[in-house]
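Given next are the chains, with one letter for each unit.
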Amino acid sequence: MKKSFRVIICTLLACTFFLDGLPVTEACGPGYLTPVFDYKYAPENPFDDFAGGKIGIIKPSYHRVVLFAAYRYLNGGSFTADEQKALVDVWNADFNNRDYGDNDVAAAVKIWVEARKSVVSNEEKLPEIYTEREYGGYDFFPNCTKNAFETAARTLSDRMTSHGADSGDVKDWVAGQDAVFTNCASGRRMPDAVNQTMPEWLQKDRAYQTAAAEFYSLDYEKAKNNFAEIAADSDSVWRETAEYLVARALIRQASLTSDASRQSAFYAEAETQLQKVAASGGKFADSSEKFSGLIKYRLHPRERVGELAQKLSSGNSDDDFRQDLIDYYWLLDKFEKEALEAAEKRREEEKAKTNNADKTNDGDESSKRSDDASAAAVASEAAKHEGQLSIHFYAEDYSKNWTIYVSPGASDDEAIAEAARVADVPLTDKMKDLVRSAKKYAYANLYSEGKQDEYQGGYNGDEKTSLSMLPDFLRRDDLTDWLFAYQVRDAEAYDYAVAGFKRTGADLWLMTALSKADKNSPELKSLLAAAAGANRAAPTFPTIAFHEARIFIEQNKQAEARKLLDEILDSSIDLPVSSRNQFLALRLKLARTMEDFLRDALPLPFAFDSDGVSLTIDGLIKQEQSYYDPEYSKESKEDYDREVEERYKNEKLIAGQPMLDDESAAIINEHFPLAVLLEARQSPALPRYLKERFALAIWTRALLLGDFAAASKILPDVIRLKPDAEESYKRFARAKTPAEQQNTALYIILKDEKLAPYIASGFGSTWENYGSGGSRWWCKPGDLEHSEMESDGVPRKISPKPKFLTPAQSAAAQAELKRLKTIGDAPKYLGTRILEWARRSPLDRRIPESLYIVYEANGWDKYGCGNDEELRSQVGNVLKKRYPDSEWTKKMAEETP
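Basis of the calculations
- Note on numbering: residues in each chain are counted from 1, in written sequence order.
- Only residues with pLDDT of 70 or above have their local features reported here, since the model is predicted, and side-chain atom pairs are shown and tallied only from 80 upward, although totals for entire chains, interfaces and linings are computed over all residues.
- Note: side-chain values were computed over all heavy atoms of the structure, leaving out hydrogens and water.
- The pairing criterion is simple: DSSP has to find at least two bridges between the two strands.
- A run of DSSP states H or I qualifies as a helix once it reaches four residues; a run of E qualifies as a strand once it reaches two. Both are numbered from the N-terminal end.
- Lines fitted to the C-alpha atoms define the axes, with helices restricted to the stretch that makes contact. Angles between their N-to-C directions range from 0 to 180 degrees.
- Residues are treated as being in contact if the distance between any of their heavy atoms lies within 4.5 Å.
- Summary of the metric used: pLDDT quantifies the predictor's per-residue confidence within the range 0 to 100.
- For each residue, the accessible area found with a 1.4 Å probe, counting protein chains only, is set against the maximum for its type, and the residue is called buried under 20%, exposed over 50%, and partly exposed in between.
- Note on aromatic contacts: the rings of Phe and Tyr and the six-membered ring of Trp form a pair at centre separations within 6.5 Å, being stacked when their planes are under 30 degrees apart, edge-to-face when over 60 apart, and tilted otherwise.
- Any Lys NZ or Arg CZ that is within 6 Å of a ring centre and within 35 degrees of that ring's normal is treated as a charge sitting over the ring.

**Student:** Got a sec to walk through the sheet that holds strand E3 (residues 34-36)? Specific residues and values, please.
**Tutor:** As summarised here, the arrangement of the three strands in space is E3-E6-E7, forming an open sheet in which the pairing is antiparallel. Across the chains shown, the open sheet's two edge strands, defined by having one partner strand only, are E3 and strand E7 (613-615). Strand-to-strand twist across the sheet, computed as the mean angle between neighbouring axes with direction ignored, equals 35 degrees. Examined bridge by bridge, strand E6 (residues 607-610) and E7 share three bridges and lie antiparallel to one another. By the bridge assignment for E7, Phe608 is matched with Leu615. On top of the sheet, helix H26 (residues 617-625) reaches E6 and E7; it is set at about 120 degrees to E7, its chief contact.

**Student:** Summarise the confidence of the model for the chain; cite the residues concerned and give the values.
**Tutor:** Per-residue confidence for the chain gives a mean pLDDT of 87; residues scoring 70 or more make up 89%. Here residues 1-29 is a poorly scored stretch, pLDDT under 50, and it has 73 contacts once near neighbours within four places are set aside; other chains count. Here residues 766-775 scores under 50 on pLDDT; set against residues more than four positions off or in separate chains, the count is 29 contacts.

**Student:** Now, about helix H2 (residues 64-74): what can you tell me, with residues and values included?
**Tutor:** Within H2, 11 of the 11 residues are buried, which leaves the element mostly enclosed by the surrounding structure. Taken together, the buried positions of H2 are Arg64, Val65, Val66, Leu67, Phe68, Ala69, Ala70, Tyr71, Arg72, Tyr73 and Leu74. Among the structural elements, helix H1 (47-51), helix H3 (81-95), helix H13 (301-314), helix H14 (321-354), helix H18 (478-487) and helix H20 (507-516) are those in contact with the buried residues of H2. Two residues or fewer after H2 comes Gly76, characterised by a positive phi angle close to 85 degrees.

**Student:** Lay out the environment of Gln814 in plain terms, naming residues and giving numbers.
**Tutor:** Tracing the backbone through its elements, the reader meets Gln814 in helix H35 (residues 807-823). Looking at Gln814, the relative accessible area reads 31%, which means it is partly exposed. Between the alpha carbons of Gln814 and Asn669 there is a distance of 9.7 Å; along the sequence they are 145 residues apart. The residues contacting Gln814, other than those within four sequence positions of it, are Glu670, His671 and Ile798.

**Student:** Explain the packing of aromatic side chains to me, and be specific about the residues and the numbers.
**Tutor:** Across all of its chains, the model carries 36 aromatic pairs by this definition. Measuring from centroid to centroid gives 5.4 Å for Phe215 and Tyr216, while their planes differ by 85 degrees, and the two rings are edge-to-face. Grouping residues by exposure puts Phe215 and Tyr216 together as buried. Consider the rings of Phe597 and Phe672, whose centres lie 5.6 Å apart with planes at 50 degrees: the pair is tilted. On the criterion of sequence distance, the pair formed by Phe597 in helix H25 (residues 594-600) and Phe672 in the loop between helix H29 (662-671) and helix H30 (674-681) is long-range, its members being 75 residues apart. Positioned above the aromatic ring of Tyr496 is the side chain of Arg475, whose terminal nitrogen or guanidinium carbon lies 4.8 Å from the ring centre.

In structure tokens form, the structure reads like this:
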């Protein structure tokens, strides 16, 4: 399965970390929050809106599990409330790296433990299997479903009602059930055997418990036989359940078998058994139908994918909708991967044919044979120990390590004896404990590690999907055909979509063709004519209109594009926030004036990303408040919650307002000179918080560039924004000489680590000025940017220049940017300038403090652009030698190791 465990931490180093998901002392945050304006692969948060039909612009890059929902809406269909919930559940699993399964056993274990207390004395020590937890849950039960604990709690309630909670037989029943659940976690253990002194009900229950223990200990052959015997016992209350569990044992047996022929045989036998149970019409008939679907998924995947496509596209879903959707999605991924790997293999074979064999190739072939032999040896060794526990342990000084193999039913003493034999040394107590712990871990993982991976998709090569490489059986139904046709972006797919539109006249295929078209595509004129007449109330219209406007812009038909975009953005069409943002981004390209640019350069975020989790600010607050644990926190829950709210106070004030995204901020920083920035700051399009941000960036940029005239213009606004530093700003205004202006300006920047000469996107923190544990001043803009293809990044392209800027304004901006890059990283620049200031004016009372600040800013613990140890050493020496009695010198000495 697609599955991963996520440990959530706060990223600010100025506060306490979360370790292994648990707060050490107090919560921290907010960390680095990034506004989210659009997703490439998923609909916007909350997913409920898209699941409910508010689909907006449909991207070809959406995962197929999302495009499926769009397909039904685009064809006039809908989903029930239960189906919408299932869609959201599956999307949350897909995009948040969660388990697709619905088997969170934590709540069920707690219910069982509580029920158990009614029989077992409170003074009795709770068995270890119910007290050990990993990551706050009961993840050490890898092969026990929540239904097992629910059934146990329900059965115990029935037995207490019939025989009394104080009955010795009921206590015996609980002991037997404890033995059953031991097999889920830490080692093979069977309940006490059936004996004739037991009442008949307990004998029947014990037979079932024994079969269940065999099942959870992975001895499926014995479990199957035991369940079959119970199913043949007409007097057993477990007869019907056991008949169903015969099939379940066979399915488990198949999923843990590596031999393909044996696996198929197990599935076939299970399929026959499930058909028998389903035909009986009993209480397990529905469950049998569901597991029949699993077997079809495994044994008959080609037939199953077509069956699921018909079932899902028709809208005639049943209780299996969620699992059907997952199976369909995974089968499409599986067959796509197979097609891509086959194409890659053909390409490699063709390449090999055209290459003449030479010594190098002979050497490569020899190396390949050696690698193959090594891999075969490893596989052979693994096969030899299939079904056994692999236990790793080592000497106390880590000088040696060993691996032993024991059966799942081996006791701790047997495992320790085998470890001593293999190591050929007496085991210390610590080594014995290690063997016990490793044995328990290996047992708990035997099921999850040996289980066949249900998800078999995920191609990692360089081959690109094309329609012609897909097998014919994937093209036989409209849903699957459209899903692949919409996602593939090449000339073949474009022609196929155009043909689909000609054949059907459907807006679905018009939308598909336009999404692949460019300004030179054949038959584009007829497509655009059809788009002009598209139904504006249809769910296809936002996507059609988006690509129609995009193509107009590519064709330099700016008037037509602007007219269409204005109509949409000023209309009453209920668009998702992300779709509106996409239309704004198109119109931004057409900006004729400063006001046009600023109006469209401010999309609205629908969520905020924190460490890979995207939520609203309220959602992030709620999430962080959920981390409270009285065991680790000295404050009350109420105080903790208030502190979290306080930390997000500023973010909450801004969160509902439009924000600059990274691209728009880059355009402003790279193409707006000071004069234009001063003009832009007055625009009514800017929210108040952005006007304040502009003021501080203009002030800082003007100081660094020595443009004191521009600094003086913005000074009154800066004083209003920084009342705590009012005296320093007024001192700057009173300065009589350029030197005094420079010194005061330098001190002002030193005293406010948030000042930067760049306009920041989002909440105002960028990686250029984001640091840790101290100074956060700006860093020199990088020359490289991230690339998925190049690990070292690629040269950063300068952002496109807005057309309304004059050549003179553009030249001024580039000159300013060049000077700012020369200034470089703030910690180094400020440190160098302070040393110069100290030489010029050694008696200035501000010097010791300034030296201390830049000493800290260039420290080893800075993860940004600090950490200039040579400069730091110079600054520290000046501070110690010239100002030995300063409080800042003493503070430096106290903080330096």
